[in-house]
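Structural overview
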Amino acid sequence: MSNETVLPVEVRDPIGFHARPVGEVVSQIKASGLDVVIRRVGEEGVVANSPLKLLAMKVKTGETLEVVVPADGAEAEELANIIAATINKEAP
Amino acid sequence: MADLLQLAGMSLDATASSREEAVRICGQLLLDLGAIDQEYADAMWEREQIFPSEIGSGFAIPHGTDESRQYVKFDQLVFVRLAEPFTWENEVVEACVGIASQGDGHVELLGTLAELLMEDGAREFLLESSDAEAIRQVLLSGEFKG
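Below is a summary of the structure that appears in this document. (Residues numbered from 1 in each chain as written. Chains lettered and ligands numbered in written order. Predicted model: local features only at pLDDT ≥ 70, side-chain atom pairs only at ≥ 80, totals over all residues.)

1. Observations concerning helix H1 (residues 19-32) of chain B
Residues and elements named next belong to chain B. Helix length check: H1 (14 residues) gives 20 Å between terminal C-alpha atoms against 20 Å at 1.5 Å per residue, within 8%. Taken as a whole, H1 has its buried residues at Arg19, Ala22, Val23, Arg24, Ile25, Cys26, Gly27, Leu29 and Leu30. Considering only its buried residues, H1 is in contact with strand S1 (5-14), helix H2 (38-50), strand S4 (76-87) and strand S5 (92-100). Looking at the residues trailing H1, positive phi occurs at glycine 34, about 80°. (Helix = DSSP H or I, 4+ residues; strand = E, 2+ residues; numbered from the N terminus. Expected span 1.5 Å × (residues − 1). Buried ≥ 20, exposed ≤ 12 C-beta atoms within 10 Å, placed from the backbone. Contact = placed C-beta atoms within 7 Å.)

Below, the structure written as structure tokens:
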């Protein structure tokens with residue numbers, strides 16, 4: 001078993017995964033120093049260290065993403081949870 | 001329905017020396033196009049101060065607040081290239097795409113912009129071409145033939 005933490009998150013923001021949450025997610029990931037990947041289920045996804053890469057995914061409301069933290073344990077889970085919450089930060 | 005980006009909403013050599021000036025130029029273009037009321041233009045600067053809109057690769061995407069969306073009359077983007085790029089908040093910005101949107105109509109085009117900016121040739125074209133119509137077509141179609 002590889003040591004990674006995968007957390008699925010449904011995008012509930014009415015305008016999808018857009019620029020502001022993308023910017024915050026990138027800041028959080030850069031601060032963590034880890035190569036966190038965000039992907040659609042079954043896809044390779046992107047290392048989420050650049051807003052452009054995430055914006056180019058054009059993620060719409062209702063899609064499910066996976067946040068993949070390349071570590072396991074409580075800290076990795078916490079980071080995944082923080083990122084998932086940020087993705088839906090502006091959701092009603 | 002008008003295109004999301006019109007020639008009248010493009011400036012290829014805007015003069016701005018601060019974030020506020022650049023954001024206000026975007027707001028004024030949207031006002032001139034009739035896409036927004038003044039309240040939305042003001043909200044673009046409010047939003048900018050709370051959360052700088054730079055997205056990397058020399059671009060920023062000024063836009064209003066959720067509460068100001070009621071002052072958007074129709075979805076519209078403007079393209080403002082700076083004659084003299086300057087440091088926005090953390091990075092040097094060379095061009096802005098100002099956004100007026102009532103919903104998610106702009107998200108697809110922003111995704112397209114992001115894809116284009118990751119291709120070096122397309123990015124250079126957007127920042128250097130003097131052909132506004134060609135830039136407009138590339139942004140609307142997402143297709144760049146280098």
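From this point, the discussion proceeds with the structure in view.
2. Remarks on the sheet that holds strand S4 (residues 64-69) of chain A
Residues and elements named next belong to chain A. Read from one edge of the open sheet, four strands run S1-S4-S2-S3, paired in antiparallel fashion. One side of each edge strand has no neighbouring strand; the edge strands of this open sheet are strand S1 (5-10) and strand S3 (46-47). Note that strand S2 (residues 37-40) and S4 share four bridges and pair antiparallel. Among the inter-strand pairings, valine 37 is bridged to a residue of S4, identified as valine 68. Each of S1 and S4 touches helix H3 (residues 74-87); the most contacted strand, S1, lies at about 15° to it. (Pairing = 2+ DSSP bridges. Axes fitted to C-alpha atoms, helices over the stretch in contact; angles between N-to-C directions.)

3. Focus on the sheet that holds S5(B)
All names here are of chain B. Pairing in this open sheet of five strands is mixed, and the strands run S1-S4-S5-S3-S2 from one edge to the other. Because the sheet does not close on itself, it has two edges, and the strands there are S1 and strand S2 (54-56). Summarising the sheet, S1 and S4 pair through four bridges and their orientation is parallel. Within S4, the position partnered with methionine 10 by the bridge is phenylalanine 79.

4. So, the pairing of S4(A)
With six bridges connecting them, S1(A) and S4(A) associate as antiparallel partners. Paired with A:Pro8 across the strands is A:Glu66, a residue of S4(A).

5. Quick word on the nonpolar core
In this structure, A:Leu54, A:Val67, B:Cys26, B:Ile61, B:Phe79, B:Val80 and B:Cys96 are the most contacted members of the largest nonpolar core, which totals 70 residues. In terms of residues, this core owes the most to one element, helix H3 (residues 107-117) of chain B, which gives seven residues. (Core = buried A, V, L, I, M, F, W, Y, C linked by C-beta atoms within 7 Å.)

6. Section: the pairing of S4(B)
Residues and elements named next belong to chain B. Pairing of S4 with S5 involves eight bridges; the strand directions are antiparallel. Looking across to S5, one finds that valine 80 is bridged to cysteine 96. Hairpin geometry of S4 and S5 is characterised by an intervening segment of four residues between the two adjacent antiparallel strands.

7. Some words on the interface of chain A and chain B
Taken together, the contact between chain A and chain B spans 12 residues of the former and 16 residues of the latter. Among the elements that make up the side of chain A that touches chain B, the one with the highest residue count is helix H2 (residues 51-55) of chain A (three residues). Each residue belonging to the side of chain A that touches chain B can be placed in one class, and the counts come to seven nonpolar, three polar and two charged. (Nonpolar A, V, L, I, M, F, W, Y, C, P; charged D, E, K, R; others polar.)

Honestly, it's all geometry; don't read function into it.
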